[in-house]
Amino acid sequence: MLENRKWVIIGVFCLVGLTYLARLFYLQVLDDTYSLGASKNSIKRVVEIPYRGQIYDRNNQLIVYNTPVYDLYVTPKQVRIPDTVAFCRMMNITTSEFDSIMGLAKNYSPVKPSLFMRQLSKEDFARIQDALVDYRGFEPVISSMRTYPAHTMANALGYVSEISKKQLEEQDILYYRQGDYVGHNGLEEQYEEQLRGKRGVKFMMQNVRGVNKGSWKNGAFDTLAIAGQNLITGIDVEVQKYADSLMQNKVGAVLAVEPATGEILVSVSAPTYDPNLLSSRFFSKNYRALIKNPYKPLINRPVMASYRPGSTFKLIQALIAQQQGSLYPNTVYGHSGSPMRCHCRGGNNLRGAVQNSCNPYFYHVFRKFLYFNGEHNTFKASAIGLKEWHSMAEKFGIGARLGIDLPSELKGNLPTPEYYDKAYRGALRWKFSNVYSLSIGEGELLISPLKLVNLAATIANRGWYITPHYIKGLNKPGVGVPAEYFERHETGIDYKHFLPVIDGMRAAVSHGTVTPLANIEGIDLCGKTGTSQNNKYGHKFDHSIFIGFAPMNNPKIAVAVFVENAGWGGKAAASVAALVAERYLKRKTEAKKLDEQVKAANYLPPVSRMPVPKKPAAPRKDTVRKTPEAKPLMTANSPKPVAVAAASGH
């Protein structure tokens, strides 16, 4: 009995021993978990950031490139600073800032390098390079920052800064890490994926304390970083800078496109700022100064501003009424029966009405359009007519986003019958007499400079447009351009209906509502003036608007200009547009007197009349919220439905 118990005990011990041996064999021979864990502790994965793609204009001139800079890293345990005050003076920081940075570095790791100062220029680094020998523990690493040699197009380009916490959390595909730089606003954000390039990876050996000990397996598994693609734009930077000079001491926008391609030639938002201000280690300080500026230079007015189009909208009224059949080129309307007045005397036909920007004429055109449906009830007829009006007008790209390659385009407002049903609290409670201000581009209409330059391009093309866009290619012209920027959008207006309108536009410049000096010899400019009502903040003058194209036949440029608080559209805006068209077509400025007048004009409203902007939340270090989609300070918002229109809309 005892003998049998002995063998049972021995068997149990043998079984336990075999189990341990089997487990040991599995862990040491079959399972690689601990081997991989050890490798992770000894091999460090270092991500290499590629150079960001550069940005060029249509003539291969650099607009944005990368400048080598130095990021200074510190390893706290190695730091030896004989004189902290002298060191802080050399680095242009305070002792409290030094203590704060060093505290963060020590919390991260006493033996690993961490960022001490970002984006030291070559000049700054050269100044401190020799002195750094006396201060152990500091190591410079070459980096890059965006540089803008043309000092222009800040609003359209956007800027590059550190990724925000919100952006990190909202990533669909995990790519960015804390501290990475990304494009914000403008083209930098729109083409972030193409510009950022492809990261590389290096595997480095390190000891138990995290100190690098060289490349792992001589770089056999390393991958090289691939630089971002270069963005070629349709911008003509020479004309762009000239347009900037014309908009000094003014608030507004200048947009020019090539009608045949939709490529944007000029994109000015005034007032603007030097884009280099948001491309340095002083980013936060400069951004706060810009956002406090009462003239709001951070707003990209060509696509984010909303204005009443004023008399420029009469062009659409003329075209859709002809297509409907309620208007003919020889139709004559006098001033009687209209609550509106204008400067021209007697009646006009269509060409004369466009030339003289006759308000009563387009009052009658719009009235007949709304009632041109056989319905005898004026309320029902107005609703039916306005629905048709909206359907035809929206084909010009009004009342919706065009789809420009920028992330901040606003929609604007093109009223519908439902809009007025809601405003008047019920259907059939409004009619033509409540909405006739739409006839001259006032009332509830809201439009951006982008929509109006597109209108000018559409008329230049006699009935079609290609969505305005900045991109001309990636690395090469025509390569990588999205398909939608080759698509023609038809307005549904017959070719013949554009001819009398264009005749009137040419006459408006040669001997109509445009100042005579803007009729520059040799460019054959066709245009339409507009004056947008502006009754906010006690401003004395309305906004000056002009749209046009040149030359009259085979147009090469379409342009739209808004100058806020400048009054009559035929003076301020038309003058800027004429000079921009001349510079693009002739490559020089011959209208010297007009050039001098425009550059000398100052239409900036007094700051005392402007509301104080709200204090923005302070951005994180090297991080900023996206510029809000807001209307310009001096822009009139859409009012409640009104019947009274401006006395003049020229």
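For the structure itself, look to the data block above.
Residues numbered from 1 in each chain as written. Predicted model: local features only at pLDDT ≥ 70, side-chain atom pairs only at ≥ 80, totals over all residues. Heavy atoms only, no water.

Caption draft 1: How the structure looks around the overall build of the protein. Along the backbone of the protein there are 22 helices and 19 strands. Burial analysis of the protein (650 residues in total) assigns 53% to the buried set. For the protein, the exposed surface amounts to about 30,000 Å²; the carbon and sulfur share of it is 54%. (Helix = DSSP H or I, 4+ residues; strand = E, 2+ residues; numbered from the N terminus. Buried < 20%, exposed > 50% of the residue type's maximum accessible area, 1.4 Å probe, protein only. Areas by Shrake-Rupley, 256 points an atom, 1.4 Å probe, with all protein chains shown as cover.)

Caption draft 2: Local environment of the pattern of salt bridges. Taken as a whole and assessed by the stated rule, the structure comprises 18 salt bridges. Of the charged contacts, one joins aspartate 595 and lysine 599 as a salt bridge, the two residues approaching to 3.4 Å between their closest N and O atoms. Separated by four residues within a single helix, aspartate 595 and lysine 599 lie in helix α22 (residues 592-600), roughly one turn from each other. Taking the relative accessible area as the measure of exposure, aspartate 595 reaches 11% and is therefore buried. Taking the relative accessible area as the measure of exposure, lysine 599 reaches 37% and is therefore partly exposed. (Salt bridge = Lys/Arg side-chain N within 4 Å of Asp/Glu carboxyl O.)

Caption draft 3: Representation of helix α19 (residues 449-460) in the model. For α19, with twelve residues, the first-to-last C-alpha span of 17 Å sits near the 16 Å given by 1.5 Å per residue. Turning to α19, its buried residues are Pro449, Leu450, Lys451, Leu452, Val453, Asn454, Leu455, Ala456, Ala457, Thr458, Ile459 and Ala460. Directly after α19, the chain includes arginine 462, whose backbone phi takes a positive value near 60°. (Expected span 1.5 Å × (residues − 1).)

Caption draft 4: Seen up close, the nonpolar core. Counting residues in each nonpolar core, the largest one holds 91 residues, and the members touching the most others are Tyr361, Trp389, Ile459 and Tyr470. Ranked by residue count, the leading element in this core is α19, at eight residues. Not counting the four nearest positions on each side in its chain, tyrosine 361 is found in contact with Leu327, Tyr328, Thr331, Val332, Tyr333, Asn348, Asn349, Leu350 and Ala353. Counting 37 residues, the second largest nonpolar core, distinct from the first, contains Val239, Met247, Ala270 and Ala572. (Core = buried A, V, L, I, M, F, W, Y, C linked by side-chain atoms within 4.5 Å. Contact = heavy atoms within 4.5 Å.)

Caption draft 5: Region of interest: the environment of alanine 321. Mapped onto the elements, alanine 321 comes out in helix α13 (residues 314-324). Each C-alpha atom, one on alanine 321 and one on valine 365, is 7.1 Å from the other, the two residues being 44 residues apart in sequence. Filtering out sequence-adjacent residues up to four positions away, alanine 321 remains in contact with Ser326, Leu327, Val365 and Phe369.

Caption draft 6: Region of interest: empty space enclosed by the protein. This structure, assessed with the given rule, holds two cavities of 30 Å³ or more. Approximately 50 Å³ is the volume found for the second largest cavity. Along its surface, the second largest cavity is lined by Met153, Ala154, Asn155, Ala156, Gln240, Asp244, Ser267, Val268, Ser269, Thr272 and Asn300. Elements with a minimum of two residues in the lining of the second largest cavity: α6 (154-157), α10 (237-246) and β12 (264-270). Across the lining of the second largest cavity, the residue classes tally to four nonpolar, six polar and one charged. (1 Å grid on protein atoms, 1.4 Å probe; cavity = no way out; pocket = protein on both sides within 12 Å on 5 of 7 lines; lining within 4 Å. Points joined across faces, edges and corners; volume = space filled by probe spheres on them. Nonpolar A, V, L, I, M, F, W, Y, C, P; charged D, E, K, R; others polar.)

Caption draft 7: Unusual backbone geometry, seen in detail. A cis amide bond, omega -5°, links alanine 270 with the succeeding residue proline 271. Cis peptide bonds are those with omega within 30 degrees of zero, and the linkage from alanine 550 to proline 551 qualifies with -15°. Here the phi dihedral of glutamine 119 falls at roughly 55°; this positive angle occurs in a residue that is not glycine. A residue is classified by how much of its surface remains accessible, and glutamine 119, at 9% relative accessible area, is buried. The backbone of asparagine 565 sits at a positive phi, close to 65°, despite the residue not being glycine.

Caption draft 8: Focus on the packing of aromatic side chains. All told, the structure shown has 23 aromatic pairs when counted by the stated rule. Considering the side-chain rings of phenylalanine 98 and phenylalanine 116, the 6.1 Å spacing of their centres and the 65° angle between planes classify their relative orientation as edge-to-face. Residue phenylalanine 98 is found in helix α4 (residues 95-108), and its partner phenylalanine 116 is found in strand β4 (residues 114-120); the two are separated by 18 residues along the sequence. The exposure class assigned to phenylalanine 116 is buried, which follows from its relative accessible area of 3%. Ring plane angle 85° and centroid distance 4.9 Å describe the contact between tyrosine 175 and tyrosine 176, whose orientation is recorded as edge-to-face. Of the residues examined, tyrosine 175 reaches a relative accessible area of 23% and is grouped as partly exposed. Since its relative accessible area comes to 16%, tyrosine 176 is described here as buried. An aromatic cluster is defined as three or more aromatic residues linked by ring pairs; in this entry it consists of Phe313, Tyr363, Phe366, Tyr371, Trp389, Phe432 and Tyr436. The ring of tryptophan 464 carries the charged tip of arginine 488 above its face, separated from the ring centre by 4.1 Å. The ring of tyrosine 242 has arginine 583 sitting right over it, with the charged end atom 4.0 Å from the ring centre. (Phe/Tyr/Trp six-rings, centres within 6.5 Å; stacked < 30°, edge-to-face > 60°. Lys NZ or Arg CZ within 6 Å of the ring centre and 35° of its normal.)

Caption draft 9: Seen up close, the side chain of threonine 491. Among the secondary structure elements, threonine 491 is positioned in the loop between β16 (488-490) and α20 (495-511). Within the structure, threonine 491 has its side chain in polar contact with the backbone oxygen of glycine 463 (distance 3.0 Å). Within the structure, threonine 491 has its side chain in polar contact with the backbone nitrogen of isoleucine 493 (distance 3.4 Å). (Polar contact = N/O pair within 3.5 Å; in protein donor to acceptor, adjacent residues only side chain to side chain.)

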